[in-house]
Amino acid sequence: MAGITLKGINKIYPGNIKAVDDFNLEIEDKEFIILVGPSGCGKTTTLRMIAGLEEITEGELYIGGRLVNSVAPKNRDIAMVFQNYALYPHMTVYKNMAFALKLRKTPKEKIAKQVTEAAQMLDIKELLSRKPKQLSGGERQRVALGRAMVRNPAVFLLDEPLSNLDAKLRATMRAELIKLQKRLGTTFVYVTHDQAEAMTMGDRIVVMHDGLIQQVDEPQQLYDYPRNIFVAGFIGSPPMNFMDCVVRKSGGGYVARVDQTDVPILPERFRDEKITPYENKDMILGIRPEDIHLEDEYQDKPGAVALDAKVDIAEMLGSEILLYAALGGRILIAKISAKYKSLGPGDDIKLEIDCGKIHLFDKESGLTIDN
């Protein structure tokens, strides 16, 4: 098995187009790491450089402690699972899974053993005689994984492998992939644009934007303590709400003034030495939808502030409602209980913000000033 080290990795295409910029990351042996970000952020390019399918412009790439910049893909001890599965349509499932072993001139008995074991683990043993066109999307996905597994690689590289599946099957396959990675005890590097996939699957998540790493962290840390506005807005569904504010001194502490409302900045949330440099400066206040409540639902909890708003849209989601509320020329999204299903467009409401959950960002740099 193997860890992966990326040191100062850059990918520059003709025309001086920088797809990946100074990428530095240490991936531990047996770690499940997720590269996530919007389309065009450089995540798939990074994966393809690890695989050897893209040439590295600058930097050093190590797999298992070995410098592999000039090593051919077939000699990197990696296996890649593509978005479109890349199965050979004229071959049976068995032959698809056995193909790489056959190229290595592996004895037939060993091929049969490895293919059968992988098929059993993935619950596709009864499909071995079929061809890809006779399989469902989920079955093809399992075959693609099986083909990678039989090679017993040190590293699995997966490029949006679940994006062609329906929502229910995607959820099932996410769980299966997590279990598979634990059973195999192998390093997984997984690319997705779906932040829900990233949050549920990875040991750590690498958030990318415009070719740059924005933050590397465990899923919950990433959600609770985003490093900047981009991460705060990208991770979480629905995304974090953002409001312009000005930090002001008030009594013995500070408030963030949003329009004509003062939102208390609690000392247990932000230390004075973090806030003081921003006094009388424009900032961005962030609050997640689940931390905005209807006033009567929240019952004036200490550390909350009420805002007058008007319902724009109420989306019923079964157990909860996504409430889009107009406030001072902006729309705030709140997650509220389904018992308020009678609310409709135009209704006047009072929203309460949990001040213990607010985030503050430097307006110029976009960086958080969290403790």
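Scroll up to find the structure.
Worth saying up front: this structure is predicted, and the values here are computed from it rather than measured. (Residues numbered from 1 in each chain as written. Predicted model: local features only at pLDDT ≥ 70, side-chain atom pairs only at ≥ 80, totals over all residues. Heavy atoms only, no water.)

1. Points about the pairing of strand β4 (residues 58-63)
And then number 1: Bridging between strand β1 (residues 4-13) and β4 involves five bridges; their strand directions are antiparallel. The residue bridging Thr5 from the neighbouring strand is Tyr62, located in β4.
And then number 2: Sheet topology note: the β4/strand β5 (residues 66-67) ladder contains two bridges and is antiparallel. Across the sheet, Ile63 pairs through a bridge with Arg66, a residue of β5. (Pairing = 2+ DSSP bridges. Helix = DSSP H or I, 4+ residues; strand = E, 2+ residues; numbered from the N terminus.)

2. Regarding the packing of helix α4 (residues 137-149) against helix α5 (residues 167-184)
And then number 1: Orientation of α4 relative to α5, taken along the N-to-C sense of each, is 15 degrees, at an axis distance of 11 Å. Put simply, α4 runs roughly parallel to α5. Regarding α4 and α5, the two cross each other, and that crossing is right-handed. Two secondary-structure elements touch here, α4 through Gly138, Gln141, Arg142, Leu145 and Met149 and α5 through Leu169, Met173, Glu176, Leu177, Leu180 and Leu184.
And then number 2: Across the contact of α4 with α5, the residue classes break down as seven nonpolar, two polar and two charged. (Axes fitted to C-alpha atoms, helices over the stretch in contact; angles between N-to-C directions. Parallel < 35°, antiparallel > 145°, perpendicular 65-115°, else oblique. Left-handed = near helix turned anticlockwise from the far one by under 90°. Contact = heavy atoms within 4.5 Å. Nonpolar A, V, L, I, M, F, W, Y, C, P; charged D, E, K, R; others polar.)

3. Section: the layout of surface pockets
And then number 1: Approximately 530 Å³ is the volume attributed to the largest pocket.
And then number 2: Around the largest pocket sit 17 residues that line it, and Met80, Tyr88, Ala100, Arg147 and Arg151 are the ones nearest its centre.
And then number 3: If you list the elements that add at least two residues to the lining of the largest pocket, you get β6 (78-81), α2 (93-103) and α4.
And then number 4: Tallied by class, residues from the lining of the largest pocket come to 13 nonpolar, no polar and four charged.
And then number 5: Empty space within the second largest pocket amounts to approximately 240 Å³.
And then number 6: Lining the second largest pocket, in full, are Met91, Tyr94, Lys95, Ala98, Phe99, Lys102, Thr106, Lys108 and Ile111.
And then number 7: When residues of the lining of the second largest pocket are traced back to their parent elements, those giving at least two are α2 and α3 (108-121).
And then number 8: Taken together, the residues that form the lining of the second largest pocket break down as five nonpolar, one polar and three charged. (1 Å grid on protein atoms, 1.4 Å probe; cavity = no way out; pocket = protein on both sides within 12 Å on 5 of 7 lines; lining within 4 Å. Points joined across faces, edges and corners; volume = space filled by probe spheres on them.)

4. Focus: the packing of aromatic side chains
And then number 1: The tally for this structure, following the rule as stated, stands at six aromatic pairs.
And then number 2: Ring centres 6.0 Å apart and planes at 70 degrees place the aromatic pair Phe242 and Phe361 in the edge-to-face group. Taken as a pair, Phe242 in strand β11 (residues 241-250) and Phe361 in strand β20 (residues 359-362) lie far apart in primary sequence, 119 residues in all.
And then number 3: Joined through ring pairs, the aromatic side chains of Phe32, Phe156, Phe188 and Tyr190 make up one cluster.
And then number 4: Cation over ring: Arg288 sits above Tyr223, and NZ or CZ is 3.9 Å from the ring centre. (Phe/Tyr/Trp six-rings, centres within 6.5 Å; stacked < 30°, edge-to-face > 60°. Lys NZ or Arg CZ within 6 Å of the ring centre and 35° of its normal.)

5. With respect to the sheet that holds strand β2 (residues 17-27)
And then number 1: With respect to topology, four strands assemble into an open sheet ordered β2-β1-β4-β5, the strand pairing being antiparallel. Two strands lie at the open edges of the sheet, namely β2 and β5, each paired on one side alone.
And then number 2: Lying on the sheet, helix α1 (residues 43-51) is in contact with β1, β2 and β4; it crosses β1 at an angle near 115 degrees.

6. Considerations on α1
And then number 1: Most of α1 is tucked away, with seven of its nine residues classed as buried.
And then number 2: Within α1, burial applies to Lys43, Thr45, Thr46, Leu47, Met49, Ile50 and Ala51.
And then number 3: Once α1 finishes, Gly52 follows within two positions and takes phi at roughly 90 degrees, a positive value. (Buried < 20%, exposed > 50% of the residue type's maximum accessible area, 1.4 Å probe, protein only.)

7. Overview of the nonpolar core
And then number 1: The biggest cluster of nonpolar side chains holds 44 residues, and the ones touching the most others in it are Ile34, Met97, Leu145, Leu158, Leu177 and Tyr190.
And then number 2: Examining the composition of this core, we find that five residues originate from one element, α4, more than from any other.
And then number 3: Dropping the residues within four chain positions of it, Leu145 is found in contact with Val81, Leu122, Phe156, Leu158, Met173, Leu177 and Leu180.
And then number 4: Core analysis: the next-biggest nonpolar cluster, separate from the first, contains 37 residues, Ala325, Leu332, Cys355 and Leu360 among them. (Core = buried A, V, L, I, M, F, W, Y, C linked by side-chain atoms within 4.5 Å.)

8. Looking at the sheet that holds strand β3 (residues 32-36)
In a beta sheet, neighbouring strands are held together by backbone hydrogen bonds and run either parallel or antiparallel to one another.
And then number 1: One open sheet accounts for six strands, arranged β6-β7-β8-β3-β9-β10; its pairing is mixed. A strand with exactly one partner marks an edge of an open sheet, and here the two such strands are β6 and β10 (212-217). Strand after strand, the sheet turns through a mean of 15 degrees between neighbouring axes, direction not considered.
And then number 2: In this sheet, strand β8 (residues 187-192) lies alongside strand β7 (residues 155-159) in parallel orientation, the contact comprising five bridges. The residue bridging Leu158 from the neighbouring strand is Tyr190, located in β8.
And then number 3: Against the sheet, α4 makes contact with β6 and β7, and its axis sits at roughly 170 degrees relative to β6, the strand it touches most.

9. Side note on the packing of α2 against α3
And then number 1: Across the interface, α2 lies against α3 with an axial gap of 10 Å and an inter-helix angle of 135 degrees. The orientation of α2 relative to α3 falls into the category oblique. Crossing of α2 against α3: the hand is right-handed. When α2 is examined against α3, the residues Tyr94, Met97, Ala98, Leu101 and Lys102 are found in contact with a partner set consisting of Ile111, Ala112, Gln114, Val115, Ala118 and Ala119.
And then number 2: Of the residues belonging to the contact of α2 with α3, the class tally is nine nonpolar, one polar and one charged.

10. A closer look at α2
And then number 1: Val93, Asn96, Met97, Ala98, Ala100 and Leu101 are the residues of α2 that are buried.
And then number 2: At its buried positions, α2 is contacted by α3 and α4.
And then number 3: Just past α2, the residue Lys105 takes up positive phi, approximately 60 degrees.

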